[in-house]
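# Working through the structure, step by step
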Amino acid sequence: QLQASGGGLVHTGGSLRLSCAASGRTFSSYAMGWFRQAPGKERECVAAITWSGGDTYYAVSVKGRFTISRDNAKNTVYLQMNNLKPEDTAVYYCAAKRGWMEVTPHQYGDWGQGTQVTVSS
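Conventions and cut-offs
- Residues numbered from 1 in each chain as written.
- Predicted model: local features only at pLDDT ≥ 70, side-chain atom pairs only at ≥ 80, totals over all residues.
- Heavy atoms only, no water.
- Salt bridge = Lys/Arg side-chain N within 4 Å of Asp/Glu carboxyl O.
- Buried < 20%, exposed > 50% of the residue type's maximum accessible area, 1.4 Å probe, protein only.
- Pairing = 2+ DSSP bridges.
- Helix = DSSP H or I, 4+ residues; strand = E, 2+ residues; numbered from the N terminus.
- Axes fitted to C-alpha atoms, helices over the stretch in contact; angles between N-to-C directions.
- Polar contact = N/O pair within 3.5 Å; in protein donor to acceptor, adjacent residues only side chain to side chain.
- Contact = heavy atoms within 4.5 Å.

Right, let's talk about the pattern of salt bridges for a bit. Applying the stated rule across the entire model yields three salt bridges. The partner of Glu44 in a salt bridge is Arg36, with the nearest N and O atoms 2.7 Å apart. Here Glu44 falls in the partly exposed class, since its relative accessible area comes to 32%. On the accessibility criterion, Arg36 (6% relative accessible area) is buried. The partner of Arg65 in a salt bridge is Asp88, and the shortest N-O contact between them spans 2.7 Å.

Ordered in space as β1-β3-β8-β7, the four strands form an open sheet in which the pairing is antiparallel. Looking along the sheet, the strands with just one partner apiece sit at the ends: β1 (2-5) and β7 (66-71). Here the strands of the sheet are splayed against their neighbours by 15° on average, with no regard to which way each runs. Summarising the sheet, β7 and strand β8 (residues 76-81) pair through six bridges and their orientation is antiparallel. Considered in β8, the bridge of Phe66 is made with Met81.

Of all nine residues making up strand β9 (residues 90-98), seven are buried, and the element is well covered by its neighbours. Two elements, strand β4 (residues 30-37) and β9, share eight bridges in a ladder whose sense is antiparallel. Each residue of the ladder has a partner; that of Phe35, found in β9, is Tyr93. Here three bridges tie β9 to strand β11 (residues 115-120), and the two strands are oriented antiparallel to one another. What sits directly across from Tyr92, in β11, is Thr115. Direction of pairing for β9 relative to strand β10 (residues 110-111): antiparallel, over a ladder of two bridges. Among the inter-strand pairings, Ala95 is bridged to a residue of β10, identified as Trp111.

With that settled, consider the side chain of Arg36. Its location among the elements puts Arg36 in strand β4. Here the side chain of Arg36 touches Ser61 through a polar contact of 3.4 Å, side chain to side chain. Among the polar contacts made by the side chain of Arg36, one reaches the side chain of Tyr92 at a distance of 3.0 Å. Excluding its chain neighbours within four sequence positions, the residues that come into contact with Arg36 are Glu42, Arg43, Glu44, Val46, Ser61, Val62, Phe66, Glu87, Asp88, Ala90, Val91 and Tyr92.

By themselves, these figures tell us nothing about what the structure is for.
Set out below in structure tokens:
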């Protein structure tokens, strides 16, 4: 089970840190991804990380502003979001999959419940 938290309402230029806590089993051997879905849009991967944390992926739209990290001892993955823009407004989901990190949602088998991020202009 994955539990995402940390969303909220911020102004343009603000920061938020999302957390995704895993319970029930260890996800230290799983790749993790953060996805977002805005109203009327498809779910997209904004960041992903390998089980070791040694490799990461960022969508072009967030590169340089978002940082994904993980603490396997705490079974938790984070998404630090800086310099937020109104177009970052969406529900953010964390997800887990065995093997290498991927960017397509259907390749992830475990999903958190989502946390709302709203960026006001």
